[in-house]
Amino acid sequence: MQYEFKVYQMQIENHLFWVAESCALKGCVGQGDTTNDAIRELADNEKEWLKTARQYDIPIPPVTVKKERQFSGKISLRISPFVHETAYNHSQELGISLNQYLNDAIVSYNTQCQTTYNREPAPTSQPDQTSATLIDLPKHRFTKSLIPSSDPKKM
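Residues numbered from 1 in each chain as written. Predicted model: local features only at pLDDT ≥ 70, side-chain atom pairs only at ≥ 80, totals over all residues. Heavy atoms only, no water.

**What about the packing of helix H2 (residues 81-94) against helix H3 (residues 98-116)?**
Spelled out, the test is: Think of each axis as a best-fit line through the C-alpha atoms, taken over the contacting stretch in the case of a helix, with angles from 0 to 180 degrees between the N-to-C directions. Secondary structure is summarised from DSSP: a helix means a run of H or I of at least four residues, a strand means a run of E of at least two, and numbering begins at the N terminus for each. Roughly parallel means an angle under 35 degrees; roughly antiparallel means over 145; roughly perpendicular covers 65 to 115; every other angle is labelled oblique. Whether two residues touch is decided by their heavy atoms; if any such pair falls within 4.5 Å, the residues are in contact. Residues are grouped as follows: Ala, Val, Leu, Ile, Met, Phe, Trp, Tyr, Cys and Pro are nonpolar; Asp, Glu, Lys and Arg are charged; every other residue, Gly included, is polar.
H3 packs onto H2 with a crossing angle of 100° between their chain directions and a minimal axis gap of 9 Å. The angle between the axes of H2 and H3 places the two elements in the roughly perpendicular class. Touching His84, Ala87, Tyr88, His90, Ser91 and Leu94 of H2 are Leu98, Tyr101 and Leu102, all from H3. Residues that form the contact of H2 with H3 fall into these classes: six nonpolar, three polar and no charged.

Structure representation (structure tokens):
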């Protein structure tokens, strides 16, 4: 197959089966009693979809290939002068660099977001590299201003 696809289980009435669905070719799916059956049928249907598209001059989407993202660990961030000064002062009180203070704050916030949204921690290529003193930021600051609300009226 040329195109990315997703596989999921589906139930209609008492019938449980697997579906393989193309992410790029609209309406191109396969189904079967096993994931392999569904993928095999999708592969056949993808060939037919492309053949039919060529025959009727239907636009064929380009094949996309996902590439591994590389993160350097370097970001550029603009913040208000007041927030900058406050963060600097707190980092000095803790005896750590401003860079480490900001790193710890982001780690703390990410952890709170993962807990709030019941997500598994994102896989990392290296263990956490935080300072010995992790900043324990008050929860009320995050829940009121930074964590998006699920209530559309509060957005």
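So much for the structure itself; the text now carries on.
**Here's the deal with the pairing of strand S1 (residues 5-12)**
Using the following cut-off: Whether two strands pair depends on DSSP finding at least two bridges between them.
Both S1 and strand S2 (residues 15-22) contribute to a ladder of eight bridges, which runs antiparallel. Counted as the bridge partner of glutamine 9 is tryptophan 18 from S2.

**What to know about the sheet that holds strand S3 (residues 29-32)**
Reading across from one edge, S1-S2-S3 is the order of the three strands in this open sheet, with antiparallel pairing throughout. Because the sheet does not close on itself, it has two edges, and the strands there are S1 and S3. When strand polarity is set aside, the average angle formed by the axes of neighbouring strands in this sheet is 25°. Along the sheet face, helix H1 (residues 35-55) touches S1, S2 and S3 and points at about 150° away from the line of S3.

**Let's talk about H1**
What counts here: How far a helix is expected to stretch is found by multiplying one less than its residue total by 1.5 Å. Any residue under 20% of the maximum accessible area for its type is buried, any over 50% is exposed, and the rest in between are partly exposed; the area is computed with a 1.4 Å probe on protein chains only. The directions from the helix axis to the C-beta atoms form the arc being described.
Taking 1.5 Å of rise per residue, 21 residues should cover 30 Å, and H1 covers 30 Å from first to last C-alpha, within 8% of that figure. Within H1, burial applies to Ala38, Leu42, Ala43, Glu46, Trp49, Leu50 and Ala53. Projected down its long axis, H1 carries its buried residues within an arc of 145°, all on one side. Exposed residues pointing more than 90 degrees away from the buried face of H1 are listed as Asn36, Arg40, Lys47, Lys51 and Gln55. The inward-facing, buried residues of H1 contact S1, S2 and S3. A positive phi of about 55° marks aspartate 57, the residue just after H1.

**Topic: the side chain of serine 22**
How we decide: As used in this structure description, the phrase polar contact means that two N or O atoms lie within 3.5 Å; if the pair is within protein, one of them must be able to donate a hydrogen and the other to accept it, and residues adjacent in sequence are counted only when both atoms belong to side chains.
Tracing the backbone shows serine 22 in strand S2. On the basis of relative accessibility, which here comes to 7%, the residue serine 22 falls in the buried class. Of note is the side chain of serine 22, whose polar atom sits 3.3 Å from the backbone nitrogen of alanine 24. A distance of 2.9 Å separates the side chain of serine 22 from the backbone nitrogen of leucine 25, its partner in a polar contact. Contact partners of serine 22, with chain neighbours within four places excluded, come to Tyr3, Glu4, Phe5, Cys28 and Leu42.

**Let's talk about the pairing of S3**
With burial as the criterion, only one face of S3 is covered, namely that bearing Gly30 and Gly32; the residues Val29 and Gln31 on the opposite face remain uncovered. Taking the residues between adjacent antiparallel strands as the criterion, S2 and S3 are bridged by six residues, where glycine 27 takes a positive phi near 80°.

**Considering the confidence of the model for the protein**
Here is the rule: Note: pLDDT gives the predictor's confidence per residue, expressed from 0 to 100.
The pLDDT averaged across the protein works out to 83; a share of 76% of its residues lies at or above 70. For residues 140-149, every residue scores under 50 in pLDDT, and the model assigns this stretch 13 contacts once sequence neighbours within four places are set aside.

**Some thoughts on the pattern of salt bridges**
Using the following cut-off: Should a side-chain nitrogen of Lys or Arg be within 4 Å of a carboxyl oxygen of Asp or Glu, the pair is scored as a salt bridge.
Here the structure, examined in full by the defined rule, presents two salt bridges. The partner of lysine 66 in a salt bridge is glutamate 4, and the shortest N-O contact between them spans 3.2 Å. With lysine 66 in the loop between H1 and H2 and glutamate 4 in the segment before S1, the pair connects residues that are 62 residues apart, well separated along the chain. Residue lysine 66 is classed as exposed on the basis of its relative accessible area, which comes to 68%. Residue aspartate 37 is joined to arginine 40 by a salt bridge in which the shortest nitrogen-to-oxygen separation is 3.0 Å.

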